[in-house]
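Secondary and tertiary structure notes
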Amino acid sequence: MTPLVELRNVSKIFERGFIRKVRVHAVRNVNLTIDKGEILAVVGESGCGKTTLGKLIAGLIKPTKGEVLWLGKNIWRMKRGEFKKYRPLVQLIHQDPYASLNPARTVLQILGDPIRYYGLAKSKREVREKVIELLRYVGLTPPEYFLNKYPHHLSGGMKQRLAVARALIPKPMLIVADEPISMIDMSLRLSLLDLLKRLHKELGIAFVYISHELASTRYFAHDGKTAIMYLGTIVEYGPTEQLIKNPVHPYLRAILSAMPVPDPEIARRRKVLELKSLELPSPIKLPPGCPFETRCPFSRSICKEKMPELRPIEEDHYVACHIAEELPEWRPPWEE
Ligand SMILES: Nc1ncnc2c1ncn2[C@@H]1O[C@H](COP(=O)(O)OP(=O)(O)O)[C@@H](O)[C@H]1O
Ligand SMILES: [Mg+2]
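Residues numbered from 1 in each chain as written. Chains lettered and ligands numbered in written order. Predicted model: local features only at pLDDT ≥ 70, side-chain atom pairs only at ≥ 80, totals over all residues.

Before going further, it helps to spend a moment on helix H7 (residues 156–168). Helix length check: H7, at 13 residues, gives a terminal C-alpha distance of 19 Å against a target of 18 Å (1.5 Å per residue), a fit within 8%. Among the 13 residues that make up H7, eleven are buried, leaving the element largely enclosed by the rest of the structure. Every buried residue of H7 is accounted for by Gly 157, Met 158, Lys 159, Gln 160, Arg 161, Leu 162, Ala 163, Val 164, Ala 165, Arg 166 and Ala 167. Close packing links the buried residues of H7 with strand E6 (90–93), helix H3 (97–100), helix H4 (107–117), helix H5 (124–137), strand E7 (174–178) and helix H8 (186–203). (Helix = DSSP H or I, 4+ residues; strand = E, 2+ residues; numbered from the N terminus. Expected span 1.5 Å × (residues − 1). Buried ≥ 20, exposed ≤ 12 C-beta atoms within 10 Å, placed from the backbone. Contact = placed C-beta atoms within 7 Å.)

Quick look at the structure:
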């Protein structure tokens, strides 16, 4: 089956600086596929290239190297008409719902404009009916109450629901959700994730879920796959539960061992994997070998010399580590 999206050796380099140009290696040599209706989570710390990867997947920025395919076709070689048809099928939900909504438009306008643009309603009344149906679907009820409100009248969680409603209008096949819950209240996060899950289940929409932590990722991408990113590259990839129960890459082990646990007794007892350094190398001056070498407690000389490739270690489970087979057995730090 042709995947919905495929990335082949995709890299993105940004040039920064006015007087002296520097090259930022935001995404390096990424290969991945997303099938129809699949969930892929992308996890990594701030600055590792998640947003850039999300935009590459969504076709919003052009790769410096490599190919991005939509249903087998290179999107950057599509004819204009073809590209125009593809474009609305991928929608992005931004981390910051404040920035993604026009503050001068009402809810009715924010949703009504694209409904009209895509030719989905003929009359004013029909537009209004469709907006009401959308608001109800994303849980902004009673819908009539919201129609004439402006974004600043809404809470962060409500704004994000409005952004979700707008993303649904062109009937997308893929939604890239870039840290969709990181700027909303803790108490509302779970219900927003449940809303996104519903879109996946009821409408069959595929998701790229971008996050900097594993707890929400495990919840959202439980039946999907997860890619762990470090300095622009994918260092481990596989089914989410498999990765969390059987982590191989020392970076993933380090994040897992530092994950917050609610039980203070366990939190005190557990052993956190100690890193050699807390500092991340700069994406401007990358180490020649493994990107994690400067922090990895298990590093050897080969790790300094050669960049490891992402390779299968079990069926469906890929790791970029030279010494994956020689690492100590993983025991979750919260177990005896
Ligand atoms: N438009 C841009 N111009 C220059 N550098 C950029 C641009 N966008 C991102 N970067 C750089 O690329 C790297 C990855 O950024 P980003 O993809 O936003 O990471 P994340 O979303 O994981 O925090 C960072 O070093 C960032 O400063
Ligand atoms: Mg980001």
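Right, picking up where we left off after that structure.
This part takes up unusual backbone geometry. With omega at -5 degrees, the peptide bond leading from Thr 141 into Pro 142 counts as cis. Position of Pro 142 relative to the elements: it lies in the loop between H5 and helix H6 (143–146). At Leu 71, a position not held by glycine, the phi torsion is positive, near 45 degrees. Of note, Leu 71 is situated in the loop between strand E4 (65–70) and strand E5 (73–74). In this model, Leu 231 sits at a positive phi of 45 degrees, which is unusual for a non-glycine residue.

Right, let's talk about the packing of H4 against H7 for a bit. The interhelical angle for the contact between H4 and H7, taken along N-to-C directions, is 20 degrees, at an axis separation of 9 Å. In terms of their interaxial angle, H4 and H7 are classed as roughly parallel. Pair H4 / H7 crosses with right-handed handedness. Together, Val 107, Ile 110, Leu 111 and Pro 114 of H4 and Leu 162, Ala 165 and Arg 166 of H7 make up the contact between the two elements. When the residues that make up the contact of H4 with H7 are grouped by side-chain class, the tally is six nonpolar, no polar and one charged. (Axes fitted to C-alpha atoms, helices over the stretch in contact; angles between N-to-C directions. Parallel < 35°, antiparallel > 145°, perpendicular 65-115°, else oblique. Left-handed = near helix turned anticlockwise from the far one by under 90°. Nonpolar A, V, L, I, M, F, W, Y, C, P; charged D, E, K, R; others polar.)

Here the focus is the nonpolar core. Judged by nonpolar contacts, the single largest core of 79 residues is most densely connected at Leu 174 and Val 208. Top contributing element to this core by residue count: H7, with six residues. Sequence-distant contacts of Leu 174, defined by excluding residues within four places in its chain, comprise Leu 4, Val 5, Ile 34, Leu 89, Val 90, Ile 205 and Ala 206. (Core = buried A, V, L, I, M, F, W, Y, C linked by C-beta atoms within 7 Å.)

Another aspect to go through is the packing of H7 against H8. Look at H7 against H8: their axes get within 10 Å of each other, and the N-to-C directions meet at 10 degrees. On the basis of their axis angle, the class for H7 and H8 is roughly parallel. Contact residues: Gly 157, Gln 160, Arg 161 and Val 164 in H7; Leu 188, Leu 192 and Leu 195 in H8. Its residues assigned to classes, the contact of H7 with H8 comprises four nonpolar, two polar and one charged.

Let's shift gears to the site of ligand 1. Taken together, 13 residues surround ligand 1, and among them Phe 14, Ala 26, Lys 50, Thr 51 and Thr 52 come closest. Those elements giving two or more residues to the shell around ligand 1 turn out to be strand E1 (5–16), strand E2 (22–34) and helix H1 (50–57). Among the elements that take part in the shell around ligand 1, H1 stands out by supplying three residues, more than any other. Residue classes in the shell around ligand 1 are distributed as five nonpolar, six polar and two charged. (Near = placed C-beta within 6 Å.)

Examined against the element boundaries, Leu 162 turns out to sit in helix H7. Expressed as a C-alpha distance, the spacing of Leu 162 and Val 30, which sit 132 residues apart in the sequence, is 32 Å. Excluding residues within four positions of it along the chain, Leu 162 makes contact with Leu 101, Val 107, Ile 110, Leu 140 and Leu 154.

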